[in-house]
Amino acid sequence: MAKAYDHLFKLLLIGDSGVGKTCLIIRFAEDNFNNTYISTIGIDFKIRTVDIEGKKIKLQVWDTAGQERFKTITTAYYRGAMGIILVYDITDEKSFENIQNWMKSIKENASAGVERLLLGNKCDMEAKRKVQKEQADKLAREHGIRFFETSAKSSMNVDEAFSSLARDILLKSGGRRSGNSNKPSSTDLKTCDKKNTNKCNLG
Ligand SMILES: Nc1nc2c(ncn2[C@@H]2O[C@H](COP(=O)(O)OP(=O)(O)OP(=O)(O)O)[C@@H](O)[C@H]2O)c(=O)[nH]1
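Computed from a prediction, not measured in an experiment: that's the story for all the values here.

Could you clarify how one ought to interpret the packing of helix H1 (residues 21-30) against helix H6 (residues 158-172) in this entry?
The relative placement of two packed helices comes down to the angle between their axes together with the axis-to-axis distance. Where H1 contacts H6, the two axes come as close as 9 Å, and the packing angle between them is 85°. In terms of axis orientation, H1 runs roughly perpendicular to H6. Contact with H1, carried on its side by Leu24, Arg27 and Phe28, involves Val158, Asp159 and Phe162 of H6 and no other residues of that element. The residue makeup of the contact of H1 with H6, split by class, is 4 nonpolar, no polar and 2 charged.

Sorry, what's going on with the sheet that holds strand S5 (residues 115-121) here?
Across the sheet, which stays open at both edges, the 6 strands sit in the order S2-S3-S1-S4-S5-S6 with mixed pairing between neighbours. Across the chains shown, the open sheet's two edge strands, defined by having one partner strand only, are strand S2 (43-52) and strand S6 (146-149). Neighbour-to-neighbour, the strand axes of this sheet turn through a mean angle of 25°, independent of strand direction. Pairing geometry for strand S1 (residues 7-14) and strand S4 (residues 83-89), over 4 bridges, is parallel. When the bridges of S4 are listed, Leu11 appears paired with Gly83. Lying over the sheet, helix H5 (residues 133-143) contacts S4, S5 and S6, oriented at roughly 160° with respect to S6.

When you look at unusual backbone geometry in this model, what are you seeing that I'm missing?
Positive phi, normally seen in glycine, also occurs at Asp31, with a value near 50°. You can see Asp31 is positioned in the loop between H1 and S2. A relative accessible area of 45% places Asp31 in the partly exposed class. Unusually for a residue other than glycine, Lys122 sits at a positive phi of about 70°. With respect to the helices and strands, Lys122 occurs in the loop between S5 and H5.

Is there a simple way to think about the pattern of salt bridges in this case?
Between side chains of opposite charge, pairing is possible as soon as their charged atoms come close. One pass over the full model with this rule turns up 13 salt bridges. Its salt-bridge partner being Arg27, residue Asp31 comes within 2.9 Å of it at the nearest N-O pair. In this structure, Asp89 and Lys122 form a salt bridge, with 3.3 Å as the shortest nitrogen-oxygen distance. With Asp89 in strand S4 and Lys122 in the loop between S5 and H5, the pair connects residues that are 33 residues apart, well separated along the chain. Taking relative accessible area as the criterion, Asp89 reaches 5% and is therefore assigned buried. One connected set of salt bridges, linked through shared partners, spans Glu126, Arg129 and Glu149.

The rules behind the values
Residues numbered from 1 in each chain as written. Predicted model: local features only at pLDDT ≥ 70, side-chain atom pairs only at ≥ 80, totals over all residues. Heavy atoms only, no water. Axes fitted to C-alpha atoms, helices over the stretch in contact; angles between N-to-C directions. Helix = DSSP H or I, 4+ residues; strand = E, 2+ residues; numbered from the N terminus. Parallel < 35°, antiparallel > 145°, perpendicular 65-115°, else oblique. Contact = heavy atoms within 4.5 Å. Nonpolar A, V, L, I, M, F, W, Y, C, P; charged D, E, K, R; others polar. Pairing = 2+ DSSP bridges. Buried < 20%, exposed > 50% of the residue type's maximum accessible area, 1.4 Å probe, protein only. Salt bridge = Lys/Arg side-chain N within 4 Å of Asp/Glu carboxyl O.

Dropping the structure here:
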């Protein structure tokens, strides 16, 4: 039986409510965008398999609710994540200021070696920009992490951001195999995006 993937990486998106976490995941997994805002309740995930350095990397991307009232549920998922994406909205200064709090939450709840990535989303809305790129660059440097400005709406840098995080995790793991390449777990089968329906045996 052909191998479905070489590695399984679990990623998690966190950040204030409304910054575009769900839209980024939908753009990445389904190459779609919707202007309607439906706030995430609790937690959800989508899957996409990408090729990196000749390896098939299955990314299980977890979407968390940004609203404070879901914090107890969402922080419980930090521990299992190999990569955490911190998202703010370039048109919303408060969401950028809160990145410090989200960093603190990672420190308190995630595994010690977790890879982090900072994203300034909605960069298609240049006229409404409140957070300068240089501010975020500085913050990312202080924390020793990568930073991208993205747009879930225009697709700008979305694939690049996810791939760069997956690559960093791959390099860190030294190319060791993780997950079971032939038998996806029942949770793996819960959500299949369009690009992967042929790879997911939903039965
Ligand atoms: N212009 C623009 N709008 C975006 C972008 N990404 C998301 N939005 C809009 O921002 C709103 C919130 O997006 P969501 O993805 O639901 O935000 P979220 O961070 O998942 O919010 P919670 O689930 O409440 O935590 C929606 O109306 C989206 O259409 C983007 O890149 N550009």
